[in-house]
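# Commentary on secondary and tertiary structure
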Amino acid sequence: MAGTRQAVADADKDKMMRDAVTSTGVVHSGAPDEALARRMRRRGEESRFWWVVPTLYIIFLMLPIYWLINMSFKSNQEILGTFSLWPQNPTLRNYGVIFTDPSWYKGYINSIIYVVMNTVISIAVALPAAYAFSRYRFLGDKHLFFWLLTNRMAPPAVFALPFFQLYSAFGLIDTHIAVALAHCLFNVPLAVWILEGFMSGVPKEIDETAYIDGYSFPRFFVKIFVPLIASGIGVAAFFCFMFSWVELLIARTLTTTDAKPIAAIMTRTVSASGMDWGVLAAAGVLTIIPGALVIWFVRNYIAKGFALGRV
Amino acid sequence: MEKTWNNKAWFMVLPVLVLVAFSAVIPLMTVVNYSVQDTFGGNQFFWAGAEWFEEMLHSDRFWAAMGRNLIFSAIILAIQIPLGIFIALNMPRKGWGVPVCLVLMALPLLIPWNVVGTIWQVFGRIDIGLLGYTLHALGFDYNYVNDPFDAWVTVIVMDVWHWTSLVVLLCYAGLVSIPDAFYQAAKIDGASRWAVFRYIQLPKMQRVLLIAVLLRFMDSFMIYTEPFVVTGGGPGNSTTFLSIDLVKMAVGQFDLGPAAAMSIIYFLIVLLLSWVFYTVMTNYDVEK
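Residues numbered from 1 in each chain as written. Chains lettered and ligands numbered in written order. Predicted model: local features only at pLDDT ≥ 70, side-chain atom pairs only at ≥ 80, totals over all residues. Heavy atoms only, no water.

### Some thoughts on the overall build of chain A
Along the backbone of chain A there are 16 helices and three strands. Scored against the burial criterion, the 311 residues of chain A give a buried share of 53%. Of the contacts made within chain A by residues no fewer than 6 positions apart, 75% connect residues no fewer than 24 positions apart. Looking at chain A as shown, the accessible area adds up to about 13500 Å², and 68% of this sits on carbon and sulfur atoms. (Helix = DSSP H or I, 4+ residues; strand = E, 2+ residues; numbered from the N terminus. Buried < 20%, exposed > 50% of the residue type's maximum accessible area, 1.4 Å probe, protein only. Contact = heavy atoms within 4.5 Å. Areas by Shrake-Rupley, 256 points an atom, 1.4 Å probe, with all protein chains shown as cover.)

Following this line, the structure appears as structure tokens:
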């Protein structure tokens with residue numbers, strides 16, 4: 001893609017500029033220039049209080065999450081009876097309920113099953129397509145690429161009812177595969193766009209050299225190309241996983257009992273004795289964990305993933 | 001990169017095409033089908049033509065939901081974009097602070113949307129929530145269940161909490177791509193902090209900012225889960241946005257015709273926005 005080429009050219013230019021600056025610095029006066037450079041490097045942190053804004057923002061982000069975690073370790077009496085900033089009598093009962101009651105932990109299993117299915121399907125079909133988009137021009141390619149985007153942007157609300165009827169007609173309601181296929185609506189386009197972004201960063205000369213060396217296309221693709229874009233595949237898989245994991249509307253519409261996701265089960269914590277706040281909080285905390293576990297590995301790619309690989 | 005013309009590439013795209021056609025085109029055709037027909041139950045359908053579309057376009061309910069949604073999106077953009085830029089400018093560029101900031105700031109983005117709703121539903125409650133309880137203790141008459149204004153504030157603060165990090169991360173990605181040489185040149189010229197922002201940082205962030213604005217607009221325009229969990233569209237209809245209204249109509253009341261007509265109008269708007277997004281992206285790539 002032109003953008004990537006541009007980025008490469010920019011980087012070259014950047015390097016040249018950086019070299020130019022340092023070389024003139026050496027010629028003139030080394031020490032003051034170095035001091036200036038060091039000062040410049042701290043441009044964002046010019047004052048000693050640079051950390052105030054990020055810290056305040058992070059506190060704002062963490063407070064509601066902390067409150068949920070806090071509640072998940074309290075008993076319902078404590079939640080409703082006393083107002084305390086941390087659990088007075090920490091209890092694991094709420095988590096115990098979830099891990100022992102099949103109607104709760106099955107929700108997690110259901111969610112994980114369809115999310116993994118969806119991720120595998122999305123990546124498997126998106127890989128060859130992304131390669132085609134990044135390497136070839138073909139009839140209608142731009143229209144197709146745009147059409148994929150419109151599906152990523154389509155409101156799930158529009159699709160909820162027709163999905164229900166479509167999958168009813170095939171007898172697939174309340175199966176994991178139905179949700180996995182339905183989530184392909186937005187995850188396949190997402191995977192294609194992200195992978196295309198990564199693949200365009202791999203110079204075409206690598207393909208050509210491999211063909212000259214006598215590699216067949218499938219062998220080249222699996223042995224050389226896939227390892228080269230392994231991080232891209234990881235990022236795309238992560239985002240497919242994430243967007244399928246966070247979606248509720250379609251997953252709820254297509255399931256009744258056997259494949260009901262945890263997100264839908266959470267909406268029915270009202271029992272005879274009123275809301276079971278503690279269990280609700282514990283269930284919420286458990287849904288945050290998959291994201292929190294992998295976030296460290298994808299921290300540099302989050303902006304890229306949300307921007308469909310275009311950053 | 002130069003691409004070669006090769007129509008055989010179609011075979012590589014075929015699986016995607018089939019899969020997305022199954023999960024997008026067939027359902028969309030069903031919607032189109034319903035939007036031009038009427039049914040009195042059973043399987044009997046009558047041609048209705050553009051009737052439902054006319055009804056929708058003259059319906060106060062549709063325009064009210066549309067209006068609410070547009071106001072919501074405008075407020076969201078007006079808060080999140082400047083706030084996101086401001087926070088990105090103040091983020092550290094080097095050292096241990098970078099990964100810590102990235103990880104902690106990205107966390108809300110990866111929380112399931114209904115849990116985001118649950119978190120804020122609990123957090124804002126005046127009996128058991130930290131926010132609601134504190135506001136009440138301070139003497140504010142805050143109650144998002146009964147008061148439309150408070151409900152709006154809650155939904156907006158929730159969205160700011162949920163999505164501002166995306167703007168921050170995008171802007172940050174734009175900022176770190178600026179080479180040091182630019183800042184050194186600015187320093188030598190004696191540029192003020194504002195001039196550095198206006199003439200170096202802002203132009204370099206232009207592309208990511210466009211992406212941020214478009215993504216935030218699209219996502220806020222089809223927001224469903226979070227406000228649905230917190231307020232259920234209420235009190236009254238005050239936080240019933242387009243998606244919530246559509247689901248109410250289609251699944252709740254089973255008014256297939258009007259719901260389908262509304263879906264088509266909704267989808268066309270999104271199509272237009274996607275086209276803007278796509279044009280912006282490709283034009284940027286060509287220009288540079």
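### Observations regarding the overall build of chain B
Check the secondary structure of chain B and you find 12 helices and three strands. Projected onto its principal axes, the C-alpha positions of chain B cover 75 × 70 × 30 Å. Per-residue burial for chain B yields a buried fraction of 57% across its 288 residues. Put simply, 66% of the contacts in chain B that link residues at least 6 apart link residues at least 24 apart. Surface summary for chain B: the accessible area is close to 12100 Å², and the carbon and sulfur share equals 68%. Computed over 15 positive and 19 negative side-chain charges, the inter-centroid distance for chain B is 16 Å. (Lys, Arg positive; Asp, Glu negative; His and termini not counted. Charge placed at Lys NZ, Arg CZ, Asp CG, Glu CD.)

### A few points about the interface of chain A and chain B
Where interface size is given, it is often the accessible area lost as the parts come together that is meant. Between chain A and chain B, the residue contacts involve 112 residues of the former and 110 residues of the latter. Counting every contact that joins chain A to chain B gives zero salt bridges. At the boundary of chain A and chain B, one finds 14 residue pairs in polar contact (both at pLDDT 80 or more). The element contributing the most residues to the side of chain A that touches chain B is helix α3 (residues 52–72) of chain A, with 13 residues. The residue inventory of the side of chain A that touches chain B, partitioned by class, reads 84 nonpolar, 12 polar and 16 charged. (Salt bridge = Lys/Arg side-chain N within 4 Å of Asp/Glu carboxyl O. Polar contact = N/O pair within 3.5 Å; in protein donor to acceptor, adjacent residues only side chain to side chain. Nonpolar A, V, L, I, M, F, W, Y, C, P; charged D, E, K, R; others polar.)

### Focus on the packing of aromatic side chains
Evaluation of the coordinates by the stated rule reveals 40 aromatic pairs over all chains. Judged by centre distance (6.3 Å) and plane angle (70°), the ring pair of Trp-193 of chain A and Tyr-278 of chain B falls under edge-to-face. Of this pair, Trp-193 of chain A sits in helix α9 (residues 176–200) while Tyr-278 of chain B sits in helix α12 (residues 256–287), placing the two residues on different chains. Taking the ring centre of Phe-243 of chain A as reference, the NZ or CZ of Arg-152 of chain A above it sits at 5.3 Å. Note that Lys-304 of chain A overlies the ring of Phe-198 of chain A, its terminal NZ or CZ placed 4.8 Å from the centroid. (Phe/Tyr/Trp six-rings, centres within 6.5 Å; stacked < 30°, edge-to-face > 60°. Lys NZ or Arg CZ within 6 Å of the ring centre and 35° of its normal.)

### Observations regarding the packing of helix α5 (residues 93–100) of chain A against helix α15 (residues 277–298) of chain A
Residues and elements named next belong to chain A. Close contact between α5 and α15 brings their axes to 8 Å; oriented N to C, the two are set at 70°. Between α5 and α15, the angle falls in the class roughly perpendicular. On the side of α5, the interface is formed by Arg-93, Asn-94, Tyr-95, Val-97, Ile-98 and Phe-99, while α15 contributes Gly-278, Val-279, Ala-282, Ala-283, Val-285 and Leu-286. Taken together, the residues of the contact of α5 with α15 break down into nine nonpolar, two polar and one charged. (Axes fitted to C-alpha atoms, helices over the stretch in contact; angles between N-to-C directions. Parallel < 35°, antiparallel > 145°, perpendicular 65-115°, else oblique.)

### Observations regarding the UniProt feature "transmembrane region" (unreviewed entry) in chain A
The UniProt record annotates "transmembrane region" (unreviewed entry) at residues 49–69, 112–133, 145–164, 176–199, 220–246 and 277–298 of chain A. Between the end C-alpha atoms of residues 176–199 of chain A there is a gap of 31 Å, over a span that is 100% helix and 0% strand. (UniProt positions renumbered as here; feature names shortened; annotations may be inferred.)

### Here's the deal with the pattern of salt bridges
Within the structure shown, the criterion is met by six salt bridges over all chains. Two residues, Asp-207 of chain A and Arg-135 of chain A, come together in a salt bridge whose shortest N-O distance is 2.8 Å. Of this pair, Asp-207 of chain A sits in helix α10 (residues 204–212) while Arg-135 of chain A sits in helix α6 (residues 102–135), and the two are 72 residues apart along the sequence. By relative accessible area, Arg-135 of chain A is classed as buried at 0%. Between Asp-127 of chain B and Arg-125 of chain B there is a salt bridge; the shortest N-O distance is 2.9 Å. In this structure Asp-127 of chain B comes out as partly exposed when scored by relative accessible area, which is 37%.

### Points about the UniProt feature "domain: ABC transmembrane type-1" (unreviewed entry) in chain B
Under the UniProt annotation, "domain: ABC transmembrane type-1" (unreviewed entry) lies at residues 66–277 of chain B. The span residues 66–277 of chain B shows a helical share of 75% and a strand share of 0%, and its end C-alpha atoms are spaced 21 Å apart.

### Concerning the UniProt feature "transmembrane region" (unreviewed entry) in chain B
UniProt's feature table lists "transmembrane region" (unreviewed entry) at residues 12–36, 70–89, 96–115, 160–183, 208–225 and 259–280 of chain B, given in the numbering used throughout. For the annotated span residues 160–183 of chain B, helix accounts for 88% and strand for 0% of the residues, and the straight-line distance between the end C-alpha atoms is 31 Å.

### Describing the nonpolar core
A general feature of soluble globular proteins is that nonpolar side chains tend to end up buried together. Within the largest apolar cluster, 200 residues are counted, with the highest numbers of intra-cluster contacts made by Phe-159, Tyr-167 and Val-192 of chain A together with Met-105, Leu-109 and Phe-277 of chain B. With 17 residues, the single largest contributor to this core is α9 of chain A. Residues in contact with Phe-277 of chain B, not counting those within four places in the same chain, are Leu-149, Met-153, Trp-193 and Leu-308 of chain A together with Ile-211, Leu-214 and Leu-215 of chain B. (Core = buried A, V, L, I, M, F, W, Y, C linked by side-chain atoms within 4.5 Å.)

### Focus on α15 of chain A
Every α-helix winds through 3.6 residues per turn, so residues three or four apart in the chain are directed the same way. Under the 1.5 Å per step criterion, the end-to-end length of α15 of chain A is 32 Å for 22 residues, consistent within 8% with the ideal 32 Å. In terms of burial, α15 of chain A is a largely internal element, 16 of the 22 residues being buried. (Expected span 1.5 Å × (residues − 1).)

### Considerations on helix α11 (residues 217–228) of chain A
Residue and element names in this part refer to chain A. Buried within α11 we find Phe-220, Phe-221 and Phe-225. Projected onto a plane normal to the axis of α11, the buried residues spread over an arc of 95° and lie on a single side. Residues of α11 that are exposed and angled more than 90 degrees away from the buried face: Pro-218, Val-222 and Lys-223. Each element contacted by the buried residues of α11 is listed here: α6, α9 and α10. (Arc of directions from axis to C-beta.)

### A closer look at a nonpolar patch on the surface
Residue and element names in this part refer to chain A. Together, Phe-49, Trp-51, Val-52, Leu-56, Ile-59, Leu-63, Tyr-66, Leu-85 and Trp-86 make up an exposed nonpolar region whose accessible area comes to about 900 Å². Within the element layout of this structure, Ile-59 appears in helix α3. When its relative accessible area of 45% is taken as the criterion, Ile-59 is described as partly exposed. (Patch = residues over 30% accessible without salt bridge, like charges linked within 9 Å, V, L, I, M, F, W, Y side chains within 5 Å.)

### Things to note about a negative patch on the surface
The grouping of Glu-51, Glu-54, Glu-55 and Asp-255 of chain B at the surface amounts to a negative patch. Relative to the elements of secondary structure, Glu-54 of chain B occurs in helix α2 (residues 51–57).

### Quick notes on the environment of Phe-149 of chain B
Structurally, Phe-149 of chain B can be placed in helix α7 (residues 148–176). Placed 86 residues apart in sequence, Phe-149 of chain B and Pro-235 of chain B show a C-alpha to C-alpha distance of 9.5 Å.

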